[in-house]
Amino acid sequence: MAPPLQQSFMIPRKEINMVSDMGKWKRSQAYADYMGFILTLNEGVKGRKLTCEYNVSEPIEKLVALLNTLDRWIDETPPVDQPSRFGNKAFRTWYAKLDQEAENLVATVIPKHLASAAPEVAVYLKESVGNSTRIDYGTGHEAAFAAFLCCLCKIGVLRVDDQMAIVFKVFNRYLEVMRKLQKTYRMEPAGSQGVWGLDDFQFLPFIWGSSQLIDHPNLEPRHFVDEKVVNENHKDFMFLECILFITEMKTGPFAEHSNQLWNISAVPSWSKVNQGLIRMYKAECLEKFPVIQHFKFGSLLPIQPVTS
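By the naming in an unreviewed UniProt entry, the protein chain goes by Serine/threonine-protein phosphatase 2A activator and is assigned to Meleagris gallopavo. Per UniProt, the comment on the protein chain under Sequence similarities (unreviewed entry) is "Belongs to the PTPA-type PPIase family."

Given below as structure tokens:
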């Protein structure tokens with residue numbers, strides 16, 4: 001996590017570009033910084049419960065307040081009556097408010113001397129909640145929120161001792177808001193692989209959640225398909241919170257509606273689960289064009305090749 005960047009390093013929004021070449025993306029500084037950020041947090045939450053004590057800085061509190069605002073806007077924008085069951089058009093009204101207010105929201109988190117970063121950072125926030133045309137949400141949108149947090153680290157708003165709070169306080173609150181969006185507006189999964197995908201909407205909480213469970217004295221991967229275990233432990237572990245949400249949203253045998261996760265429950269240790277999920281995330285999310293095609297590049301996450 002780098003010290004604050006100079007204001008002159010920022011570029012206008014019009015110069016922000018999207019992925020067009022997968023090879024260029026994988027060799028880019030953006031890819032290296034993004035994966036470095038994901039893996040740093042993965043290490044930071046290893047063996048720790050959601051309910052453990054950790055430092056909560058002022059920027060963390062401000063980020064939670066930002067997410068609380070998004071949550072409140074959902075309450076203020078109820079679904080509309082429409083013939084189609086999925087993709088409620090009220091989401092577009094909700095999104096239009098975010099589109100209009102994103103820079104102002106980001107400005108509440110960023111100190112005044114870094115105010116010129118707000119337009120670029122706000123792009124990632126707007127990309128992180130789903131697509132307003134298709135009314136869908138997927139791992140590409142989730143990646144945009146992680147990129148949003150990564151940018152805040154790169155300009156020095158978030159720091160090394162915020163690691164646990166970034167995952168446990170901010171990202172966990174983001175998940176709650178996204179789940180509320182998905183349920184309220186019946187959002188479609190973006191780029192879902194159906195029963196053969198890990199999850200319809202998320203991936204990162206499975207990575208970080210499996211890291212939390214590494215070397216747990218009692219809970220093994222085989223236990224997460226046990227309803228009783230999930231109900232008793234989901235408030236402590238992000239992975240189990242994800243499993244609970246899946247079982248609330250889907251019906252039928254777990255092995256049928258979540259086959260990939262069912263297979264993962266046979267892996268002998270959480271460290272192997274964690275390593276496997278990181279490899280899978282790279283292959284199935286970061287290296288799949290339909291998922292990553294809308295990832296934005298700018299001065300904070302540049303497309304230029306990584307420098308050794």
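K.L.:
What is the right way to read the overall build of the protein chain from this model?
P.N.:
Broken down by element type, the protein chain carries 14 helices and four strands. The globule rule puts the C-alpha radius of gyration for 308 residues at 19 Å, and the 19 Å found for the protein chain is close to it. Each principal axis of the C-alpha atoms in the protein chain carries an extent, and together these give about 55 × 50 × 40 Å. Each of the 308 residues in the protein chain was classed as buried or not, and the buried ones make up 53%. A separation of at least 24 residues holds for 80% of the contacts in the protein chain among residues at least 6 apart in sequence. When the accessible area of the protein chain is evaluated, it comes to approximately 14000 Å², of which 51% is carbon and sulfur surface. Charge-centre separation for the protein chain: the mean point of 34 positive side chains lies 3 Å from the mean point of 35 negative side chains.

K.L.:
How should I be thinking about empty space enclosed by the protein in this particular structure?
P.N.:
Over the atoms rolls a probe the size of a water molecule, and in doing so it shows where empty space is left. Per the counting criterion, the structure on display carries one cavity of 30 Å³ or more. Taken as a whole, the largest cavity spans an internal volume of roughly 50 Å³. As for the largest cavity, its lining consists of Arg 179, Gln 182, Asp 199, Phe 201, Gln 202, Phe 206, Cys 242, Phe 245 and Ile 246. For the lining of the largest cavity, the secondary structure elements donating two or more residues are helix H7 (163–184) and helix H10 (238–249). With three residues, H10 is the largest single contributor of residues to the lining of the largest cavity. The residue makeup of the lining of the largest cavity, split by class, is five nonpolar, two polar and two charged.

K.L.:
I'm lost on the side chain of Ser 265 in this one. Help?
P.N.:
For Ser 265, the location among the structural elements is in the loop between helix H12 (259–264) and helix H13 (270–286). Ser 265 sits in the buried class, given a relative accessible area of 10%. Among residues more than four places away in sequence, those in contact with Ser 265 are Pro 221, Arg 222, Phe 224 and Val 225.

K.L.:
Would you mind showing me how to read the pattern of salt bridges here?
P.N.:
If charged atoms from side chains of opposite charge come close, those side chains can pair. Applying the stated rule across the entire model yields 18 salt bridges. The partner of Lys 46 in a salt bridge is Glu 43, with the nearest N and O atoms 3.2 Å apart. Residue Lys 46 is classed as partly exposed on the basis of its relative accessible area, which comes to 36%. Through salt bridges with shared partners, a single network forms among Asp 71, Asp 75, Arg 173, Glu 176 and Lys 180.

K.L.:
I'm lost on the packing of helix H2 (residues 29–44) against H7 in this one. Help?
P.N.:
The description of two helices packed together rests on the angle between their axes and the distance between the axes. Their axes nearest at 8 Å, the elements H2 and H7 cross at an angle of 90 degrees. In terms of orientation, H2 and H7 fall into the roughly perpendicular class. Side by side, H2 and H7 meet where Phe 37, Thr 40, Leu 41 and Gly 44 of the first sit next to Gln 163, Met 164, Ile 166 and Val 167 of the second. Grouping the amino acids of the contact of H2 with H7 by side-chain chemistry returns five nonpolar, three polar and no charged.

Each value, and the rule that gives it
Residues numbered from 1 in each chain as written. Predicted model: local features only at pLDDT ≥ 70, side-chain atom pairs only at ≥ 80, totals over all residues. Heavy atoms only, no water. UniProt positions renumbered as here; feature names shortened; annotations may be inferred. Helix = DSSP H or I, 4+ residues; strand = E, 2+ residues; numbered from the N terminus. Rg over C-alpha atoms; globule rule 2.2 N^0.38 Å. Buried < 20%, exposed > 50% of the residue type's maximum accessible area, 1.4 Å probe, protein only. Contact = heavy atoms within 4.5 Å. Areas by Shrake-Rupley, 256 points an atom, 1.4 Å probe, with all protein chains shown as cover. Lys, Arg positive; Asp, Glu negative; His and termini not counted. Charge placed at Lys NZ, Arg CZ, Asp CG, Glu CD. 1 Å grid on protein atoms, 1.4 Å probe; cavity = no way out; pocket = protein on both sides within 12 Å on 5 of 7 lines; lining within 4 Å. Points joined across faces, edges and corners; volume = space filled by probe spheres on them. Nonpolar A, V, L, I, M, F, W, Y, C, P; charged D, E, K, R; others polar. Salt bridge = Lys/Arg side-chain N within 4 Å of Asp/Glu carboxyl O. Axes fitted to C-alpha atoms, helices over the stretch in contact; angles between N-to-C directions. Parallel < 35°, antiparallel > 145°, perpendicular 65-115°, else oblique.

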